[in-house]
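Residue strings, one per chain:
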Amino acid sequence: MSTKITKTEEEWQQELTPEQYEILRRQGTEPAFAGKYTYSKEDGMYRCAACGNELFSSDTKFDSGTGWPSFTEPASAEAVELRPDSSHGMVRTEVVCARCGGHLGHVFDDGPNPTGQRFCINSISLEMDPGAESD
């Protein structure tokens, strides 16, 4: 992972689309089954849409049936940060980009082997780098 990126909210608003800003900076959620990567089977590396940080390999993507792209693990332990999230009357674990702090989604302990985890990620937080492997 590269050096952390720090920008003002005004800078983020100028660089991101309104939809990206709502999810990445304001912890929004895209509608289930609406994201461009929900059903994608393309090989490559999913990167942070805000900063390009490598987040998830397509090798770890699976169909969870939940309506969002799901992964068993991040590309590296340093790629994401996990934070407690008690918003909306629920207790969950938020997943953010370790490089820019952008909201990606949440992680749950109901995934398949080998990790048993389901990283449930908003498509709009991601950009696919086709055919790319970890840097």
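Just above, that's the structure.
Read on for a plain summary of the structure. Since we're looking at a predicted model, the values are computed, not measured.

With the rule as written, the count across this model stands at four aromatic pairs. Between Phe-56 and Phe-71, the ring centres sit 4.5 Å apart and the planes meet at 20°, which makes this aromatic pair stacked. With a gap of 15 residues between them, Phe-56 in strand β2 (residues 54-57) and Phe-71 in strand β4 (residues 70-71) connect regions that are remote in the sequence. The exposure class assigned to Phe-56 is buried, which follows from its relative accessible area of 0%. Owing to a relative accessible area of 0%, Phe-71 belongs among the buried residues under this scheme. Look at Phe-56 and Phe-119: their rings are 5.8 Å apart centre to centre, the planes differ by 55°, and that puts the pair in the tilted class. Of this pair, Phe-56 sits in strand β2 while Phe-119 is found in strand β8 (residues 118-121), placing the two residues 63 residues apart along the sequence. No difference in accessibility class separates Phe-56 from Phe-119, as the two residues are buried. Cluster of aromatic residues (ring-pair linked, three or more members): Tyr-37, Tyr-46, Phe-56, Phe-71 and Phe-119.

Looking now at the nonpolar core. Counting residues in hydrophobic clusters, the biggest one holds 24 residues, and the most contacted among them are Leu-55, Phe-56, Leu-104, Ile-121 and Leu-126. Secondary-structure elements contributing two or more residues to this core are α2 (18-25), β1 (44-48), β2, β6 (92-97), β7 (103-108), β8 and β9 (126-130). In contact with Ile-121, not counting residues within four places along its chain, are Glu-30, Phe-56, Trp-68, Pro-69, Phe-71, Val-95, Leu-104, Gly-105 and Leu-126.

In this section: the pattern of salt bridges. Any two side chains of opposite charge can pair if their charged atoms end up close together. Taken as a whole and assessed by the stated rule, the structure comprises 10 salt bridges. Measuring nitrogen to oxygen at the nearest pair gives 3.6 Å for the salt bridge that ties Glu-127 to Lys-36. With a gap of 91 residues between them, Glu-127 in strand β9 and Lys-36 in the loop between α2 and β1 connect regions that are remote in the sequence. Judged by its relative accessible area of 34%, Glu-127 is partly exposed. Taking the shortest distance from any N to any O, the salt bridge between Glu-81 and Arg-83 comes out at 3.2 Å. Within the structure, one salt-bridge network assembled from shared partners comprises Lys-4, Glu-81 and Arg-83.

Turning next to the pairing of strand β5 (residues 80-85). The pairing of β5 with β6 spans six bridges and is classified as antiparallel. Its bridge partner lying in β6, Val-80 is registered against Cys-97.

So, about unusual backbone geometry. Cis geometry is found at the peptide bond from Asn-113 to Pro-114, where omega equals 10°. Relative to the elements of secondary structure, Pro-114 occurs in the loop between β7 and β8. One non-glycine residue, Gln-27, lies in positive phi territory at about 60°. Structurally, the position occupied by Gln-27 is in the loop between α2 and β1. In this structure, Phe-33 takes a positive phi of about 65° despite not being glycine. Position of Phe-33 relative to the elements: it lies in the loop between α2 and β1. The partly exposed category is assigned to Phe-33, whose relative accessible area is 45%.

This part covers the sheet that holds β1. The strands that make up a sheet pair up through hydrogen bonds in the backbone, lying either parallel or antiparallel. Pairing is antiparallel in the open sheet, where three strands are placed in the order β2-β1-β9. Unpaired on one side and paired on the other, β2 and β9 mark the two borders of the sheet. Strand-to-strand twist of the sheet, defined as the mean angle between neighbouring strand axes without regard to direction, takes the value 35°. Bridge count for β1 against β9 is five bridges, and the pairing is antiparallel. Considered in β9, the bridge of Arg-47 is made with Glu-127.

Thresholds, definitions, all that
Residues numbered from 1 in each chain as written. Predicted model: local features only at pLDDT ≥ 70, side-chain atom pairs only at ≥ 80, totals over all residues. Heavy atoms only, no water. Phe/Tyr/Trp six-rings, centres within 6.5 Å; stacked < 30°, edge-to-face > 60°. Helix = DSSP H or I, 4+ residues; strand = E, 2+ residues; numbered from the N terminus. Buried < 20%, exposed > 50% of the residue type's maximum accessible area, 1.4 Å probe, protein only. Core = buried A, V, L, I, M, F, W, Y, C linked by side-chain atoms within 4.5 Å. Contact = heavy atoms within 4.5 Å. Salt bridge = Lys/Arg side-chain N within 4 Å of Asp/Glu carboxyl O. Pairing = 2+ DSSP bridges. Axes fitted to C-alpha atoms, helices over the stretch in contact; angles between N-to-C directions.

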